[in-house]
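An overview of the molecular structure
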Protein chains: 2
Amino acid sequence: LFFSFCFLLSLFFFLFLHINDGSSLESLQVVADPSLEKRDLTFGSAVEVQGKLVKSPHRMQNMELQAETIRVVGPCDIWSFPLKMKERHPLEYVRQFPHLRCRSNTLGALLRIRSEATAGIHSFFQDNGYVHIHTPIITSNDCEGAGELFQIGVKKTHFFSVPAFLTVSGQLHLEVMAGAFTHVFTFGPTFRAENSQSRRHLAEFYMVEAELSFTESLQDIMQVMEDLFKTVTSTVLSKCPHDVELFHKYIAPAQKGRLEQILKHKFMIISYSEAVEILKQAPQTFTFKPEWGCDLQTEHEKYLVKHCGEVPVFVVNYPYDLKPFYMRDNEDGPQHTVAAVDLLVPGVGELCGGSLREERLPFLKSRLQRLGLTDAYQWYLDLRKFGSVPHGGFGMGFERYLQYILGVDNIKDVIPFPRFSHSCLL
Amino acid sequence: LFFSFCFLLSLFFFLFLHINDGSSLESLQVVADPSLEKRDLTFGSAVEVQGKLVKSPHRMQNMELQAETIRVVGPCDIWSFPLKMKERHPLEYVRQFPHLRCRSNTLGALLRIRSEATAGIHSFFQDNGYVHIHTPIITSNDCEGAGELFQIGVKKTHFFSVPAFLTVSGQLHLEVMAGAFTHVFTFGPTFRAENSQSRRHLAEFYMVEAELSFTESLQDIMQVMEDLFKTVTSTVLSKCPHDVELFHKYIAPAQKGRLEQILKHKFMIISYSEAVEILKQAPQTFTFKPEWGCDLQTEHEKYLVKHCGEVPVFVVNYPYDLKPFYMRDNEDGPQHTVAAVDLLVPGVGELCGGSLREERLPFLKSRLQRLGLTDAYQWYLDLRKFGSVPHGGFGMGFERYLQYILGVDNIKDVIPFPRFSHSCLL
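First, a word on what this report is: a plain description of the structure on this page. (Residues numbered from 1 in each chain as written. Chains lettered and ligands numbered in written order. Predicted model: local features only at pLDDT ≥ 70, side-chain atom pairs only at ≥ 80, totals over all residues. Heavy atoms only, no water.)

All names here are of chain A. Taken across its seven residues, strand β16 (residues 391-397) has seven buried, putting it largely inside the fold. Along β16, one buried face is formed by His 391, Gly 393, Gly 395 and Gly 397 and the opposite face, lined by Gly 392, Phe 394 and Met 396, is buried too. One ladder, built from seven bridges, connects strand β11 (residues 204-213) with β16; its direction is antiparallel. Its bridge partner lying in β16, Val 208 is registered against Met 396. (Buried < 20%, exposed > 50% of the residue type's maximum accessible area, 1.4 Å probe, protein only. Helix = DSSP H or I, 4+ residues; strand = E, 2+ residues; numbered from the N terminus. Pairing = 2+ DSSP bridges.)

All names here are of chain A. Going through the model one piece at a time under the given rule, you end up with 36 salt bridges over all chains. Across the pair Asp 243 and Arg 112 runs a salt bridge, and its minimum N-O distance is 3.0 Å. Within this pair, whereas Asp 243 is found in helix α5 (residues 241-251), its partner Arg 112 is found in helix α2 (residues 105-127), the two being separated by 131 residues in sequence. Considered together, Asp 243 and Arg 112 belong to a single accessibility category, that of buried residues. Here Glu 291 and Lys 289 are joined by a salt bridge, their closest N and O atoms 3.7 Å apart. Judged by its relative accessible area of 35%, Glu 291 is partly exposed. (Salt bridge = Lys/Arg side-chain N within 4 Å of Asp/Glu carboxyl O.)

Residue and element names in this part refer to chain A. Residue Pro 334 is reached from Gly 333 by a cis peptide bond, and omega for that bond is 0°. Its place among the elements puts Pro 334 in the loop between β13 (313-319) and β14 (337-345). Of note in this structure, Phe 214 is not a glycine but carries a positive phi near 60°. Structurally, Phe 214 is set in the loop between β11 and α4 (218-239).

Moving on: the sheet that holds β13 of chain A. Pairing within the open sheet is mixed, and its eight strands lie in the order β6-β10-β11-β16-β15-β14-β13-β12 (chain A). Edge positions in the sheet fall to β6 (131-132) and β12 (268-271) of chain A, since each has one partner strand and no second.

All names here are of chain B. The strand order across the open sheet formed by eight strands is β6-β10-β11-β16-β15-β14-β13-β12, and the pairing between neighbours is mixed. Each having just a single partner strand, β6 (131-132) and β12 (268-271) make up the two edges of the open sheet. Contacts between helix α2 (residues 105-127) and the sheet are confined to β6, β10 (183-191), β11 (204-213) and β16 (391-397), with β10 contributing the most and set at about 150° to the helix. Here helix α11 (residues 398-406) sits on the sheet in contact with β10, β11, β14 (337-345), β15 (349-357) and β16, set at roughly 60° to β16. (Contact = heavy atoms within 4.5 Å. Axes fitted to C-alpha atoms, helices over the stretch in contact; angles between N-to-C directions.)

A separate point is the interface of chain B and chain A. Each partner contributes residues to the interface: chain B has 98 residues there, and chain A has 98 residues. When chain B packs against chain A, close to 7500 Å² is buried across both sides, 67% of that on carbon and sulfur atoms. Counting every contact that joins chain B to chain A gives zero salt bridges. Linking chain B with chain A are 33 residue pairs in polar contact (both at pLDDT 80 or more). The dominant element in the side of chain B that touches chain A, judged by the number of residues it contributes, is α2 of chain B, at ten residues. A breakdown of the residues in the side of chain B that touches chain A according to their chemical character gives 53 nonpolar, 31 polar and 14 charged. Bridge analysis of strand β8 (residues 151-153) of chain A against strand β8 (residues 151-153) of chain B gives three bridges, and the strand direction is antiparallel. Along β8 of chain B, the bridge assignment pairs Ile 152 of chain A with Ile 152 of chain B. (Buried area = accessible area lost by both parts, 1.4 Å probe. Polar contact = N/O pair within 3.5 Å; in protein donor to acceptor, adjacent residues only side chain to side chain. Nonpolar A, V, L, I, M, F, W, Y, C, P; charged D, E, K, R; others polar.)

Attention shifts here to the relation of the copies chain B and chain A. For the match of chain B to chain A, the screw axis carries a shift of 0.0 Å, the RMSD comes to 0.0 Å, and the turn is 180°. On the angle and the small slide along the axis, the relation comes out as a two-fold axis. For chain B, the minimum C-alpha distance to the rotation axis belongs to Ile 152 of chain B and amounts to 2.4 Å. Both copies present the same face, since 100% of the interface residues in chain B are matched by interface residues at the equivalent positions in chain A. (Least-squares fit on C-alpha atoms with pLDDT ≥ 70 in both.)

Function-wise, these values are silent; they only describe arrangement.
Quick look at the structure:
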């Protein structure tokens, strides 16, 4: 007895149906006597088929179903149904139908991959002894100090007595937990009120974040980032080969075979200062002139990744003045840096960001004082007063990860329900 | 080489340290020569100990560490550190220190259990072929129609062009996905702007939600609810025996052994109408008089659970007029009901809620019309136009689940960072 969504129907001496229950890209072919045909047995309808599963005579499939009865459970009004039979709809087209696009092949494959990658991330951390923490969504902190926060209200009053915002990162809360469990991670939604229509930004997106106590080197952090990337990607490649193939065949043919290569080699590491030198010596001119002390722009990231051979590249030790208060002072000079790391990847740019955190009370205190933030972060200073340890961590943008491994150009196509400025459908 | 947080220190002819890295409730005992003592080697400090792991002569532990060197990585100001050595601090006390309470035994145990339960939930659904969906946090819908929504703003403008809210349930979005993948689940934060100081309510809490296509009976839904509960609880009991024991020993002694009993028996099922009859015949008087057509109050739920022997009880088929628009009409009468189910458990009350969804276009259309919601839910009606199938699902409150299995009275003590009215610490 097969309950399924009917995806394709063709006619000859036999009636052929392609039915699919969403568990894989491949449909099951149903062969039936034309007498079983019904008027409402159309593309997009839901059916119940009873019959015999037999070895298929065709090369393209292992099994087929010889139908004895076919019942249309839910008909489909094909004239107004926006998905059409045998058509490969562009991603931009199906994006207009957030309630139906999951029934297209591409989004179906994407969401299965997303589900496997999610499970893979949980397994990776669990297998390595990390405690999973649900860091809060509503918070009274602004971790990144970027100011691009969504505020929360109930009829204009402060429900929480203090201004409350949607979190931009679970890092500070993870640091609390790393003081009890040594290795912790979180994987949940984060928010940015950025008024951007970029193909790399969403107002609501998912981040994997990890925090490790008792580590004194960025190398340790980078090792976890690289292991996470490689382990989850291997899982996805082995669990969803056909779904991944769809992307590497139709969406990003250049990606084909690349990923397997990347998994075999160590990621590259260069320092921020080296990066600036590479950019200065570049034969091309940039819109933003590369200069020590300035942020790396998208055009710079692109060039660096190309320069290194279109592979993932860690850039380490960024200028002190560019980075948030919690990053660990390298105490170098005159080019003063912090122990920060970004992972740049082809096509996407920044995939991960991490750092050692400033665990030394006097350093942190004076930095917060200069920023006038001592009162707000008294609790954060407390963590350095009661058994502080060298520690560090990182965050990986989950949607950017999916964009990169699948070669999907627009971030709106790798999340079930994209939210961005001027759009919150459903 | 052991890096760890130092939890206890005592002195005799030997120096004894109890160190703990958060991976389990039990600490590792370190035995050292008194000459290794240092002034800042105190309770709460972080230490690095080098030495030999040997079989312990004591009955209470398997191994101990014979220290050769001890280094204090981070001292602890014990005078201002709110946690004291060898003290069992009440949960209310440690609640004041959201950034430090994870270092108490009770919260440590709780958060390890929470992490294992989280992994168990993901495994349960993955093992049963469900696709995991990240349903959105920000939404333009109000699934429950309860009106207790947090609104989101950026400097008083509509960032999304429409009013946007924090989700109260991922159900409607899961229904979209159940139309493509048959079985789907989500596990994420949900929000309620309820001005309540109740020990069972939070403004931000976690829900596990599942949706199943091609099901025509509440029985199927209840089976998944019961399997989920039993599988995850078994996992927790086998993976965290000592952590669970702490709760059943010190927090809720009455719970000891109960859980194992509950796992062995089928959950009970009664109808709403039967429940009302039981309440009417109760020898006690209620503040709210039990009456067919009225909501079950906490006092009623308590009595029903007690009446059934302090075990989990499914209550099915609630009055049509009590429930949201999406629940399936049972077309009975004169006591008109919908195919809804609540799971009541001792001490907590409602743990899960579920229903069959109205998959029939004319029924849904006329109900939405009467509520004046046709325009807002056009997309939801679409799902019934294009291959609609009988389906249903449920949600389980994750914090209430933890409260129940561990016997924790206050919901604020089973979540890392509780948010409720007038409180958003950190």
